[in-house]
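# Notes for the structure review
These are the residues of each chain, in order.
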Amino acid sequence: VQLQACGGGLVQAGGSLRLSCVASGRTFSRYGMGWFRQAPGKEREFVAGISRGGGTTYYANFVKGRFAISRDSAKNTVYLQMNSLKPEDTAVYYCAANIAGWSTTVNGYDYWGQGTKVTVSS
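So, a few notes on the structure that sits alongside this text.

Conventions and cut-offs
- Position numbers for residues start from 1 in each chain and track the written sequence from start to end.
- Owing to the predicted nature of the model, reporting of local features is limited to residues with pLDDT of at least 70; listing and counting of side-chain atom pairs is limited to 80 or more, with chain, interface and lining totals taken over all residues.
- Where side-chain values are given, they derive from all heavy atoms of the structure, hydrogens and water being excluded.
- Put simply, DSSP marks the helices as runs of H or I at least four residues long and the strands as runs of E at least two long, and each gets a number from the N terminus on.
- When accessible area is computed with a 1.4 Å probe and restricted to protein chains, residues below 20% of their type maximum are described as buried, those above 50% as exposed, and intermediate ones as partly exposed.
- Two residues form a contact once any of their heavy atoms are found within 4.5 Å.
- A 3.5 Å cut-off defines polar contacts: any pair of N or O atoms within that distance qualifies, except that in protein one atom must be a possible hydrogen donor and the other a possible acceptor, and neighbouring residues in sequence count only when both atoms are side-chain atoms.

### What about unusual backbone geometry?
Of note in the backbone geometry, asparagine 76 takes a positive phi value of approximately 55° without being a glycine. With respect to the element layout, asparagine 76 can be found in the loop between strand S7 (67-72) and strand S8 (77-82). Exposure remark for asparagine 76: the relative accessible area of 16% places this residue in the buried category. You will see that serine 84, though not glycine, has its phi angle at about 50°, which is positive. Along the chain, serine 84 turns up in the loop between S8 and strand S9 (91-98). A relative accessible area of 41% places serine 84 in the partly exposed class.

Here you go:
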């Protein structure tokens, strides 16, 4: 599966963005999906994950209550709604797919999108 992420940009602190990740192919519903981020000089870290059917979601503590992950199988798309953004949310955000279901680890994913940059100004 190929993944294409978009929706990043520059936003002021307190603002919102919605990231999208479109998957190619007809097997999107077979994959658990996740969002990760990587800030300059830091390791890639888990942000949110969603199960194949969308019934289970999981978030990193630092985004709970602010971010929401969802998926639309008809559009082969997974979303990350980001609200109340903070300067420390600045990073390149990556979507990822895992045939075995969602995971919180980088190594738990088989396919990665190219990343979309999010910059939050103070």
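### Quick word on the environment of tyrosine 109
With respect to the helices and strands, the residue tyrosine 109 is situated in the loop between S9 and strand S10 (111-112). Taking the C-alpha atoms as reference, tyrosine 109 lies 22 Å from glycine 41; in sequence the two are 68 residues apart. In this view, tyrosine 109 contacts Gly32, Met33, Gly34, Phe36, Phe46, Ala96, Ala97, Asn98, Trp102 and Ser103; residues no more than four positions away in its chain are not counted. At 2.6 Å, the side chain of tyrosine 109 forms a polar contact with the backbone oxygen of serine 103.

### Description of the environment of valine 78
Structurally, valine 78 can be placed in strand S8. Taking the C-alpha atoms as reference points, valine 78 and glycine 49, 29 residues apart in sequence, are found 9.9 Å from one another. Contacts of valine 78, omitting those with residues within four sequence positions, involve Leu19, Ser20, Cys21, Phe28, Met33, Trp35, Ile50, Ile69, Ser70 and Arg71.

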